[in-house]
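Residues per chain, in single letters:
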Amino acid sequence: MKLAQQVHHESVFADMPFSRVKFSAFYDKIISKKAICLVARIGDEIVGFIYATLGSYFIADSRPIATVSVIYIKKQIRDTLAGGKVAMRLVKSAKKFAKDHGVSHLLFHVTSGISIANTDRFFRKIGAKTLGGNYAFKL
């Protein structure tokens, strides 16, 4: 929960109050196997996580797809070599999970507004294909 609060407070959604109730529901989805949360540790400290859901493409009969809603690396290490290694480890773990579950596509949604240029550079460097962009209006 501590890292979820950190990503929330850094994101474009920081103007909304963090909800422990919604976080608990998010956690319950993981327990029920409708979603996954992979965490990365350095020693005993959790320094990053990925949250993803399994589903299907909305207008096709196909194998499942996985959608990563959040990939987060603690601010203190994000732009360091250790942060890059944590990010790679999380992506590789998400790919393995996806392959093990017969997933046809692994999608990463980047909507936090945190380190957008670095995130784009990272995903391009590791071979991810750009499908478009995320756009938002604050109302």
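Summarised in this report is the structure supplied together with it. (Residues numbered from 1 in each chain as written. Predicted model: local features only at pLDDT ≥ 70, side-chain atom pairs only at ≥ 80, totals over all residues. Heavy atoms only, no water.)

1. Details of the overall build of the protein chain
Scanning the protein chain from N- to C-terminus turns up four helices and four strands. Listing every helix and strand of the protein chain by position from the N terminus yields α-α-β-β-β-α-β-α. In terms of C-alpha radius of gyration, the protein chain reaches 15 Å, essentially the compact-globule figure of 14 Å for 139 residues. A principal-axis box enclosing the C-alpha atoms of the protein chain has dimensions of 40 × 35 × 35 Å. A burial count over the protein chain gives 29% of its 139 residues as buried. Considering only contacts within the protein chain whose residues lie at least 6 apart along the sequence, 54% involve residues at least 24 apart. Here the protein chain displays about 9,700 Å² of accessible surface, and carbon together with sulfur accounts for 59% of that area. Of the charged side chains in the protein chain, 22 are positive and 9 negative; the average position of the first set lies 4 Å away from that of the second. (Helix = DSSP H or I, 4+ residues; strand = E, 2+ residues; numbered from the N terminus. Rg over C-alpha atoms; globule rule 2.2 N^0.38 Å. Buried < 20%, exposed > 50% of the residue type's maximum accessible area, 1.4 Å probe, protein only. Contact = heavy atoms within 4.5 Å. Areas by Shrake-Rupley, 256 points an atom, 1.4 Å probe, with all protein chains shown as cover. Lys, Arg positive; Asp, Glu negative; His and termini not counted. Charge placed at Lys NZ, Arg CZ, Asp CG, Glu CD.)

2. What about the pattern of salt bridges?
Enumeration according to the criterion identifies five salt bridges in this entry. With a shortest N-O distance of 2.9 Å, Arg-78 and Glu-10 are connected by a salt bridge. One end of the pair, Arg-78, is in the loop between strand S3 (65–73) and helix H3 (81–100); the other, Glu-10, is in helix H1 (residues 2–10), with 68 residues separating them in the sequence. Arg-78 sits in the buried class, given a relative accessible area of 17%. According to the relative accessible area criterion, Glu-10 is partly exposed, its value standing at 25%. A salt bridge links Glu-45 to Lys-74; the nearest nitrogen and oxygen atoms lie 2.5 Å apart. Of this pair, Glu-45 sits in strand S2 (residues 45–55) while Lys-74 sits in the loop between S3 and H3, and the two are 29 residues apart along the sequence. Using a relative accessible area of 39% as the deciding quantity, one classes Glu-45 as partly exposed. Given a relative accessible area of 11%, Lys-74 falls into the buried group. (Salt bridge = Lys/Arg side-chain N within 4 Å of Asp/Glu carboxyl O.)

3. So, the sheet that holds strand S4 (residues 105–108)
Read from one edge to the other, the open sheet built from four strands follows the order S1-S2-S3-S4, with strand pairing classed as mixed. Two strands in the sheet have a free side with no partner beyond their single neighbour: strand S1 (35–42) and S4. Here the strands of the sheet are splayed against their neighbours by 25° on average, with no regard to which way each runs. In terms of strand pairing, S2 meets S3 through eight bridges, oriented antiparallel. Note on S3: the bridge partner recorded for Ile-50 is Ile-71. Each of S1, S2, S3 and S4 is contacted by H3, which is oriented at about 150° to S1, the strand it contacts most. (Pairing = 2+ DSSP bridges. Axes fitted to C-alpha atoms, helices over the stretch in contact; angles between N-to-C directions.)

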